[in-house]
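Each chain, written out:
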Amino acid sequence: MKKQVTNPYLPLYEYTPDCEPHVFNDRLYVYGSHDQFGAFAFCHNSYVTWSAPVDDLSDWRYEGVILDKREDPDNKNGKMDLYAPDVTQGPDKRFYIYYAFSWTGKIGVAVSDKPSGPFHFLGHVHYKNGTELGRKKGDAFQFDPGVLTDLDGRVYLYSGFGAITWFPQIRHGLKPEGGFVMELEPDMVTIKEGPKKIASKANEKENMNGAPKEHAFFEASSIRRIGDTYYFVYSSLNGHELCYMTSSSPMGPFKYRGVIISNGDVGLNGRTKKEASYPLGNNHGGMVEVNGQWYIFYHRHTNYTNTDRQDCAEKITILPDGSIPQVEMTSCGLNDGPLKGEGSYSASICSTLLPKKGNVFYPFFKTPIQKARETYITQSGKDEDTVETQYIHNIQNGCLIGYKYFDLTKASSFILTIRGKASGKVRLRYSEKGKDEGEAAFVSTKNKKTEVKISLPHKGEKEALYFYFDIKGKLDFYTLTFE
């Protein structure tokens, strides 16, 4: 590791959620949607990708726009959006990207000679008679594709949706019926077999996967083969978590196994939704192995909205029985161990953001009055500015902000840079519900940044840092700097 990498692992001006990680030619590529900061809805921007060498997951390189959303012939005016892609290398060694074409139920396919693109439109997934998926009588609504080229060269496409109430965005009278798999012909766009249902949604009388209702399939299909086992990762009815099922065949049947991660640590060590450590929102991601270590990629939410999402990743362990214990959100993610207690970090890399009144599932529709009441991560720059300007906005009394983890063996104190109209104390803790280990009083005026210095009482090699704000007024938190 030549330098450090935090969560989010990409620059803090980048918003590429729904991430599917894949290793091609000794580089790790991440393929995701592309949110537009401050936009009203999801995925307004065209697809981009980033990549890093497998021996240095801190060295991320911007590969540029890999698929202009106007490439789809049904979207020449660019008014429709492309959702949640996945990429595979086909039997012909070319690279294929699959995407949900807005809310139409169509799955688009584009092809490139390189994993970094550019990709060019190939077609919409269709039946042998040419009828597009989503246009045949009786078709279910298909969404969020995942794709696998198996060891024998056969290609499988996974998709579906599991909403149990009326969903106004869905078009053409299609209905969400759960998760499906299709085998594709060698042309990578024609359905050879299927769609075959492999995942029940929550309101079915009997769940075919054995999943409890709240963990039943909702969206975000992702597929990996590990040894002789197929892992189907998906977002559950809860929305904020990634669950998984396993099977001995790519066509199923799949059995529910558990939760891998929640973007509020819900379910971890008994934590309830009311105790979520970070603002909740939808989730989507996939698994990848790099140099013998498996990771889960997922996204977090910012700007008090469901539509400004950023990639994160955590190490996971696959046990001998094939199970994956749920892991926690951290600030160090892909880093080779805890972050160094040296230099400056953006306050926005926090893994805990917990207002006194608790967290909410971020809304799609919000008013300026609502935003004025909430604490959230935002930025001062515009969408696609290439300067990192993120900070934590509107911190109020009783808010707890935490970071996991730091190596504090070389640090003696740290400085918080804040701004706002507030006074009171910042209290240091080493655990979420731990005792106060130190504190500093301050008075901050509205337009001037203020530095708050706190000494470190002890210096472990792996410490969580939590800051409890005992204040009157409101403030913004910009940086954490070690001395």
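Residues numbered from 1 in each chain as written. Predicted model: local features only at pLDDT ≥ 70, side-chain atom pairs only at ≥ 80, totals over all residues. Heavy atoms only, no water.

Would you mind going over the sheet that holds strand β2 (residues 27-31) with me for this structure?
Backbone-to-backbone hydrogen bonds join strands into a sheet, with any given pair of strands oriented parallel or antiparallel. Taken together, four strands build an open sheet; the order of strands is β1-β2-β3-β4 and the sheet is antiparallel. Only two strands of the sheet have a single partner each, and these edge strands are β1 (20-24) and β4 (61-67). Adjacent strand axes in the sheet meet at a mean angle of 30° when their direction is disregarded. Sheet topology note: the β2/strand β3 (residues 47-53) ladder contains five bridges and is antiparallel. Looking across to β3, one finds that Tyr31 is bridged to Thr49. (Pairing = 2+ DSSP bridges. Helix = DSSP H or I, 4+ residues; strand = E, 2+ residues; numbered from the N terminus. Axes fitted to C-alpha atoms, helices over the stretch in contact; angles between N-to-C directions.)

Just checking my understanding: could you explain the layout of surface pockets for this structure?
With a probe scaled to a water molecule rolled over the atoms, the places where space remains empty come into view. Its boundaries defined by the atoms lining it, the largest pocket holds a volume of some 750 Å³. In this structure, the largest pocket is lined by 36 residues; those nearest its centre are Phe42, Trp103, Phe167, Gln169 and Phe364. Class assignment for the residues of the lining of the largest pocket results in 19 nonpolar, twelve polar and five charged. Together, 22 residues line the second largest pocket, and His22, Phe24, Thr88, Leu148 and Thr149 are the ones closest to its centre. Residue assignment for the lining of the second largest pocket shows that the elements contributing at least two residues are β1, β5 (82-89), β9 (146-149), β13 (217-226) and β17 (287-290). (1 Å grid on protein atoms, 1.4 Å probe; cavity = no way out; pocket = protein on both sides within 12 Å on 5 of 7 lines; lining within 4 Å. Points joined across faces, edges and corners; volume = space filled by probe spheres on them. Nonpolar A, V, L, I, M, F, W, Y, C, P; charged D, E, K, R; others polar.)

I would appreciate a short explanation of the sheet that holds strand β18 (residues 293-301) in the present structure.
Reading across from one edge, β17-β18-β19 is the order of the three strands in this open sheet, with antiparallel pairing throughout. If you trace the sheet from one side to the other, it starts and ends with β17 and β19 (309-316), each paired once. Each adjacent strand pair in this sheet contributes to an overall mean axis angle of 35°, direction not counted. Across four bridges, the pairing between β17 and β18 is antiparallel. Paired with Glu289 across the bridge in β18 is Trp294.

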